[in-house]
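# Structure assessment
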Amino acid sequence: MKLINLVGTRPQFIKAAALSRQLKLHPSIQEIIVHTGQHFDKNMSDVFFDEMMIPNPKYNLEVNSLSHGAMTGRMIEKIEEVLLLEKPDVLLVYGDTNSTLAGALAAKKLNIKVAHIEAGLRSFNMQMPEEINRILTDRISDVLFCPTDTALKNLQAEGYENFDCTIVKNGDVMMDVALFYAKISSQKSKIIEQLNCNEFVLATIHRPENTDDVESLKNIVSAFNTIAQKINLVLPLHPRTKAIIDKNKIDTFFKIIEPVGYFDMLELLKNCKLVVTDSGGLQKEAFYFHKHCITIRKQTEWLELLSGGFSCLVDSKSEDIINAYEKMENKKSDFNIDYFGNGNASEIVVNTLLKF
Ligand code: UD1
Ligand code: UDP
């Protein structure tokens with residue numbers, strides 16, 4: 001079987017690492033990595049390939065930094081060229097980015113099977129580009145791999161059982177990688193030594209709804225400035241957010257660092273007091289490392305984290321974020337709940353594809 005593993009953004013490299021490790025165990029599968037180029041800085045892309053020994057992409061399409069239409073359109077065109085040349089049996093896509101949708105559309109129109117990892121997630125907010133990408137990708141995928149019961153129920157509610165597709169609940173492939181690399185990250189990373197602070201809050205911010213509206217971003221930064229008077233706050237800064245902070249000269253009085261590689265991130269997660277984020281992936285990783293999470297979003301796709309009290313949603317208002325911090329800082333919870341599978345999500349994907 002010839003399989004194209006399509007990636008483009010930071011979390012997709014991490015998810016693809018989980019799949020690549022499994023695919024290598026099956027000599028009957030030929031894996032080709034295609035990188036759309038959506039993320040391209042060394043510490044947003046190469047670092048993950050190097051650290052997790054993901055095979056080098058055979059193609060890098062170098063499509064990035066464009067409007068949604070231009071980016072998706074150019075990706076479709078370039079992915080189609082690769083698909084026509086390589087003629088794979090299956091295209092594997094992850095999540096909800098422009099790279100995901102472009103890949104699914106290009107493959108489906110060539111009658112190449114599409115397997116979607118992280119299918120069925122919904123925020124029910126059609127203002128989010130990710131919601132549009134994931135709904136359209138789900139609808140044209142042949143195999144839909146759901147990370148949670150909620151994702152499975154969402155597909156059932158939308159009538160997917162009547163569609164010509166296979167639905168499998170496999171768990172979260174990010175859990176597979178997190179558990180695997182957490183065993184070695186402390187030997188590979190020096191970030192905790194370098195930061196030289198005992199106690200800290202780990203923050204990340206990159207969603208357009210929080211960054212592209214300057215008032216929202218100023219409110220978030222102001223809350224971080226207040227929290228940082230009490231405890232160190234460390235923020236590996238996404239290039240989207242950096243550009244807007246710099247352009248608007250927003251004052252920051254906490255520790256800003258460059259985006260970090262995965263080993264550093266795992267060490268930050270293990271050692272932090274709690275997580276404040278709008279990242280999809282980080283909400284779950286906080287849970288994997290038994291940390292509470294304040295999620296600066298109006299909705300989340302990971303409802304189980306909310307109902308279990310592991311995460312809370314807050315708007316981008318300074319006082320709401322500060323209040324949430326005060327509520328969460330000393331909270332105790334039992335994190336031993338199996339919401340996201342058993343760390344064998346990628347094995348289930350590969351075994352399903354082999355039967356296909
Ligand atoms: C994209 C995904 C989002 C995902 C995120 C993961 C879409 C619509 N959005 O958002 O779902 O959560 O990736 O991080 O696909 N940039 C750099 N260097 C890089 C990468 C980006 O400078 O290595 C800049 C780009 O030039 C652009 C901005 O950051 O100006 C945003 O990048 P883009 O890929 O469009 O969206 P993300 O916000 O990263
Ligand atoms: N991540 C990382 N370095 C960073 C920030 C994030 O390795 O500086 C990892 C993080 O641990 C998670 C993934 O990138 O595995 C999430 O990426 P991001 O927040 O950009 O995207 P999202 O999950 O929101 O789509």
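What this report covers is the structure whose coordinates are included nearby. (Residues numbered from 1 in each chain as written. Chains lettered and ligands numbered in written order. Predicted model: local features only at pLDDT ≥ 70, side-chain atom pairs only at ≥ 80, totals over all residues. Heavy atoms only, no water.)

### Focus on the packing of helix H11 (residues 214-227) against helix H12 (residues 239-247)
The condition that has to hold: Between the N-to-C directions of two axes lies an angle of 0 to 180 degrees, each axis being a line fitted to C-alpha atoms and, for a helix, fitted only over the stretch in contact. Secondary structure is summarised from DSSP: a helix means a run of H or I of at least four residues, a strand means a run of E of at least two, and numbering begins at the N terminus for each. In what follows, roughly perpendicular refers to angles from 65 to 115 degrees, roughly parallel to angles under 35, roughly antiparallel to angles over 145, and oblique to any angle outside these ranges. We call two residues in contact whenever any of their non-hydrogen atoms come within 4.5 Å of each other. Residues are grouped as follows: Ala, Val, Leu, Ile, Met, Phe, Trp, Tyr, Cys and Pro are nonpolar; Asp, Glu, Lys and Arg are charged; every other residue, Gly included, is polar.
Following both chains from N to C, one finds H11 and H12 inclined at 95 degrees, their axes separated by 11 Å at the closest point. The angle between the axes of H11 and H12 places the two elements in the roughly perpendicular class. Residues Val-214, Leu-217 and Val-221 of H11 form the contact with H12, whose own contacting residues are Thr-241, Ile-244 and Ile-245. Looking at the contact of H11 with H12 residue by residue, the classes come out as five nonpolar, one polar and no charged.

### Observations concerning helix H6 (residues 149-157)
Filter applied, for reference: To sort residues, take the accessible area from a 1.4 Å probe on protein chains only and compare it with the maximum for the residue type: under 20% means buried, over 50% means exposed, and anything in between is partly exposed. Read the arc as the range of directions from the helix axis to the C-beta atoms.
If you check which residues of H6 are buried, you get Thr-150, Ala-151, Asn-154 and Leu-155. Along the axis of H6, the buried positions cluster into a sector of 140 degrees, meaning they face one direction only. Along H6, the residues that are exposed and aim more than 90 degrees away from the buried face are Lys-153 and Ala-157. Packing partners of the buried residues in H6 comprise helix H5 (129-140), strand S6 (143-146), strand S7 (166-169) and helix H15 (303-307). Two residues or fewer past H6, Gly-159 is found with a positive phi of approximately 85 degrees.

### A few points about the site of ligand 1
Just so we agree on the cut-off: When we say a residue is near a molecule or strand, we mean one of its heavy atoms is within 4 Å of it. N or O atoms within 3.5 Å of each other form a polar contact, as long as, within protein, one can give a hydrogen and the other can take it, and as long as residues adjacent in sequence are counted only when both atoms are side-chain atoms.
Taken together, 19 residues surround ligand 1, and among them His-39, Asp-41, Ser-65, Glu-130 and Arg-240 come closest. In this structure, an oxygen atom belonging to ligand 1 sits 2.9 Å away from a main-chain N or O atom of Phe-40. In the model, an oxygen atom of ligand 1 is placed 2.9 Å from a nitrogen or oxygen of the Asn-98 main chain. Mapped onto the shell around ligand 1, the elements with two or more residues apiece are helix H3 (68-86) and H12. For the shell around ligand 1, the class distribution of residues is five nonpolar, nine polar and five charged.

### Topic: the environment of Ile-140
Secondary-structure assignment places Ile-140 in helix H5. Taking the C-alpha atoms as reference, Ile-140 lies 9.4 Å from Asp-164; in sequence the two are 24 residues apart. Setting aside residues no more than four positions away along its own chain, Ile-140 makes contact with Ala-104, Leu-105, Lys-108 and Val-114.

### Considerations on a nonpolar patch on the surface
Selection rule: For patches, a residue must show more than 30% relative accessible area and have no salt bridge; joins then use 9 Å for like charges and 5 Å for nonpolar side chains, namely Val, Leu, Ile, Met, Phe, Trp and Tyr. The accessible surface values rely on the Shrake-Rupley method and a 1.4 Å probe; as for residues, cover is taken only from the protein chains in view. We define a salt bridge as a side-chain nitrogen of Lys or Arg found within 4 Å of a carboxyl oxygen belonging to Asp or Glu.
A cluster of nonpolar residues, Met-126, Ile-132 and Leu-136, forms a patch on the protein surface that exposes about 270 Å² of accessible area. Here Met-126 shows up in the loop between strand S5 (113-117) and H5.

### Regarding the nonpolar core
In plain terms, the rule: What is meant by a nonpolar core is a set of buried Ala, Val, Leu, Ile, Met, Phe, Trp, Tyr and Cys residues, joined one to another through side-chain atoms within 4.5 Å.
Counting 71 residues, the largest nonpolar core has Leu-19, Met-52, Leu-92, Tyr-262, Leu-268 and Leu-353 as the members making the most contacts within it. Discounting chain neighbours no more than four positions away, the residues touching Met-52 are Ile-14, Ala-17, Val-177, Tyr-181 and Tyr-262. Counting 27 residues, the second-largest nonpolar core is a separate cluster that includes Ile-220, Ala-223, Ile-231 and Ile-250.

### Section: the state of the cysteines
Put simply, the rule reads: Disulfides are defined as cysteine sulfur pairs within 2.5 Å.
All told, the structure shown has zero disulfides when counted by the stated rule. Cysteine Cys-293 remains unbridged, with the sulfur of Cys-312 as its closest cysteine sulfur at 7.8 Å. In this structure Cys-293 comes out as buried when scored by relative accessible area, which is 1%.

### Structural notes on the pairing of strand S11 (residues 274-277)
The condition that has to hold: Whether two strands pair comes down to DSSP finding at least two bridges between them. For the handedness criterion, the strands are oriented away from the viewer, and a crossover whose path from the first strand over the helix to the second runs clockwise is classed as right-handed.
Side chains Leu-274 and Val-276 project from S11 onto one buried face, and the interleaved Val-275 and Thr-277 project onto a second face that is buried too. Here three bridges tie S11 to strand S12 (residues 293-296), and the two strands are oriented parallel to one another. The residue bridging Val-275 from the neighbouring strand is Cys-293, located in S12. Regarding topology, helix H14 (residues 280-288) serves as the crossover connection from S11 to the parallel S12, and that connection is right-handed.

### Some words on unusual backbone geometry
Here the phi dihedral of Lys-87 falls at roughly 45 degrees; this positive angle occurs in a residue that is not glycine. Looking at the element boundaries, Lys-87 is found in the loop between H3 and strand S4 (90-94). We classify Lys-87 as exposed; its relative accessible area is 62%. The phi dihedral of Glu-118 falls on the positive side, at around 75 degrees, and the residue is not glycine. Residue classification places Glu-118 among the buried positions, given a relative accessible area of 9%.

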